[in-house]
Amino acid sequence: MPALPRPAGRDARLDFFRGLALIYIFLDHIPSNVVAWITVRNYGFCDATEIFVFIAGYSATLAYGSQMRRHGFLYGSASLLQRAWQLYIAHIFLFVLFTAQIGWVETRFRNPMYSEEMNLLGFLSEPHVNLIQALLLRFRPTNMDVLPLYIALLLGFAPLLWLLLHRQWLVLGLSGLLYLGAGANNWNLAGYPPGRTWFFNPLCWQFLFVIGACCALSPAAMAVLTRQRRWLQPLCIAYLLFALAVVGTWYWPALETWLPAWLARLIYPIDKTNLDILRLLHFLALAYLVTQRVGPDAAFLHGRLARPFVICGRHSLEIFCLGTLLAFTGHFYLTEFHGALPAQIAVSVAGTLLMILVAWIMEWYRNTGTQGRPSGASA
């Protein structure tokens, strides 16, 4: 059985990059937002979703793998189901707020564009039917696909985690086969209305989640990869440059002439729903280079500049929900009032600062409550 790593403290890298991914998701969800050019999606095939899912698998393994080893399979499974239930409640609460927000804006400004953009036309016409489908996670407005994916991954993770603790490479191989089979045959979960499927296919995205889990369980394997950096680093850099060149043709059509037709036929379409292999490789290359440059004890992770992102990462569920609401608020403001460059920057900065402020308040409250709670007090 592989031993779980036991760091002296919480790995700040997980919180930092998870917090950074949350900020990226907020910025990317504001359409035509110039500030979104700072996010990773504009410079390669992957985006913040891959960061979030990988860290989710890594963190879940550290947290619930230790519980399963100490208290057994049933307790670890119950803990995972409890977390999935918390995510489900948060998703439904966010769904209610999000639909109410869009419905009010559409009515107040008499602009049906918002319901169409956010995939809510059907909900507003048949709310009783679509609400049931939303409770079943089959109906989801635009920008609300990440939490259902996370819930689905956690619901099936208990037996996988037990197997990972005993037969890690077997699980990784089976997960890879499922990823390839689901992608090749378009196996996916049913969505709503009929004929639709999940935007993030759990049968494919589980592979990245399992890769994150394996990285958490295998410090020895990570050390082997580090020793191979002489050839792995140049290979990863070359792939990132290739991805950058391809993405450049999306924004500057004049560059398309440099992309051979045979290569375009080979790589397109780069499917996000099924986690295209090009996206997966891009993230893995990026993650490898980052881990080689940023260790768990990197000084900047504990500095003032990194602190806001670390705190956001510690309260990821709440900050993700807030970011979803703020992204639509920013979109609405830029559409109805001012959409110029200064307004885009102001909306992006204001939303980011508000997310950081809420995370800071939550961190202060948690720390104060822990320090001030008398011994024996009930939680």
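Each value, and the rule that gives it
- Residues numbered from 1 in each chain as written.
- Predicted model: local features only at pLDDT ≥ 70, side-chain atom pairs only at ≥ 80, totals over all residues.
- Heavy atoms only, no water.
- Helix = DSSP H or I, 4+ residues; strand = E, 2+ residues; numbered from the N terminus.
- Contact = heavy atoms within 4.5 Å.
- Areas by Shrake-Rupley, 256 points an atom, 1.4 Å probe, with all protein chains shown as cover.
- Phe/Tyr/Trp six-rings, centres within 6.5 Å; stacked < 30°, edge-to-face > 60°.
- Buried < 20%, exposed > 50% of the residue type's maximum accessible area, 1.4 Å probe, protein only.
- Axes fitted to C-alpha atoms, helices over the stretch in contact; angles between N-to-C directions.
- Left-handed = near helix turned anticlockwise from the far one by under 90°.
- Nonpolar A, V, L, I, M, F, W, Y, C, P; charged D, E, K, R; others polar.
- pLDDT = per-residue confidence, 0-100.
- Expected span 1.5 Å × (residues − 1).
- Polar contact = N/O pair within 3.5 Å; in protein donor to acceptor, adjacent residues only side chain to side chain.
- Salt bridge = Lys/Arg side-chain N within 4 Å of Asp/Glu carboxyl O.
- Core = buried A, V, L, I, M, F, W, Y, C linked by side-chain atoms within 4.5 Å.

### Regarding the overall build of the protein chain
- If you tally the helices and strands in the protein chain, you get 17 helices and zero strands.
- Seen through its C-alpha atoms, the protein chain measures out along the principal axes to roughly 65 × 60 × 45 Å.
- Expressed as a percentage of contacts within the protein chain between residues at least 6 apart in sequence, the contacts between residues at least 24 apart total 77%.
- A total accessible area of about 19,500 Å² is found for the protein chain, and carbon and sulfur atoms account for 67% of it.

### Things to note about the packing of aromatic side chains
- Using the criterion set out here, one finds 28 aromatic pairs in the structure.
- An angle of 55° between the planes, with centres 5.2 Å apart, marks the rings of Phe54 and Phe283 as tilted. In this pair, Phe54 sits in helix 2 (residues 48-71) while Phe283 sits in helix 14 (residues 277-293), placing the two residues 229 residues apart along the sequence. Like Phe54, the residue Phe283 is buried in the burial classification.
- Taken together, a centroid distance of 5.3 Å and an interplanar angle of 80° make the contact between Phe200 and Trp205 edge-to-face.

### Here we look at the packing of helix 1 (residues 12-28) against helix 2
- Following both chains from N to C, one finds helix 1 and helix 2 inclined at 145°, their axes separated by 9 Å at the closest point. Crossing of helix 1 against helix 2: the hand is left-handed. Each of Leu14, Phe17, Arg18, Ala21, Leu22, Tyr24 and Ile25 in helix 1 lies in contact with helix 2, whose residues at this interface are Ala48, Ile51, Phe52, Ile55, Tyr58, Ser59 and Leu62.
- A breakdown of the residues in the contact of helix 1 with helix 2 according to their chemical character gives twelve nonpolar, one polar and one charged.

### Some words on the environment of Gly181
- Here Gly181 is to be found in helix 9 (residues 168-185).
- Residue Gly181 is classed as buried on the basis of its relative accessible area, which comes to 14%.
- The sequence separation of Gly181 and Ser348 amounts to 167 residues, and the corresponding C-alpha distance is 40 Å.

### Quick word on the confidence of the model for the protein chain
- The predicted model of the protein chain has a mean per-residue pLDDT of 91, with 95% of residues at 70 or higher.
- Contacts of residues 3-8 to residues separated by more than four positions or lying in other chains number ten contacts, the stretch itself having pLDDT below 50.
- Contacts for the low-pLDDT stretch residues 374-379, under 50 throughout, to residues beyond four places or in other chains number one contact.

### Some details on unusual backbone geometry
- Residue Tyr192 is joined to Pro193 through a cis peptide bond whose omega torsion reads 5°.
- By secondary structure assignment, the location of Pro193 is in the loop between helix 9 and helix 10 (202-217).
- At the junction of Tyr268 and Pro269, the peptide bond is cis and its omega measures out at -5° in the coordinates.
- Within the secondary structure, Pro269 is located in the loop between helix 13 (261-267) and helix 14.

### Remarks on helix 1
- Given a rise of 1.5 Å per residue, 17 residues ought to cover 24 Å, and the 24 Å separating the end C-alpha atoms of helix 1 matches this to within 8%.
- Capping the start of helix 1 is the job of one residue whose side-chain oxygen sits 3.0 Å from the backbone nitrogen of Arg13: Asp11.

### With respect to helix 16 (residues 316-336)
- In this model helix 16 runs 30 Å from its N-terminal to its C-terminal C-alpha over 21 residues, within 8% of the 30 Å that 1.5 Å per residue would give.
- Counting buried positions along helix 16 yields 16 of 21 residues, so the element is predominantly enclosed.

### A word on the pattern of salt bridges
- For the structure on display, the rule yields ten salt bridges.
- Close ionic contact of Asp47 with Arg279 constitutes a salt bridge, the shortest N to O distance being 3.3 Å. Of the two residues, Asp47 sits in the loop between helix 1 and helix 2 while Arg279 sits in helix 14, which places them 232 residues apart along the sequence.
- A cluster of three or more residues bridged by salt bridges with shared partners is formed by Asp15, Arg18, Arg314, Glu363 and Arg366.

### Side note on the environment of Ala12
- With respect to the helices, strands and loops of the structure, Ala12 is situated in helix 1.
- Judged by relative accessible area, Ala12 falls into the buried class, the value being 8%.
- With 295 residues separating them in the primary sequence, Ala12 and Arg307 have C-alpha atoms 9.5 Å apart.
- In this structure, Ala12 is in contact with Leu301, His302 and Val310, ignoring residues within four places of it in sequence.

### Some words on the nonpolar core
- Ranked by internal contacts, the top residues of the largest apolar core, which has 103 residues, are Phe54, Leu154, Phe157, Leu208, Phe209 and Phe328.
- The greatest single-element share of this core, amounting to twelve residues, is contributed by helix 10.
- Discounting residues that sit within four places of it in the chain, Phe209 has contacts with Val53, Ala56, Gly57, Ala60, Tyr150, Leu153, Leu154 and Phe157.
- Ranked by size, the runner-up nonpolar core spans 17 residues in total, among them Ala243, Leu278, Tyr288 and Leu289.

### Considering the side chain of Thr324
- Topologically, Thr324 is positioned in helix 16.
- For Thr324, a relative accessible area of 4% gives the class buried.
- Here Thr324 is in contact with Leu94, Phe98, Asn143 and Met144, once residues within four sequence places are set aside.

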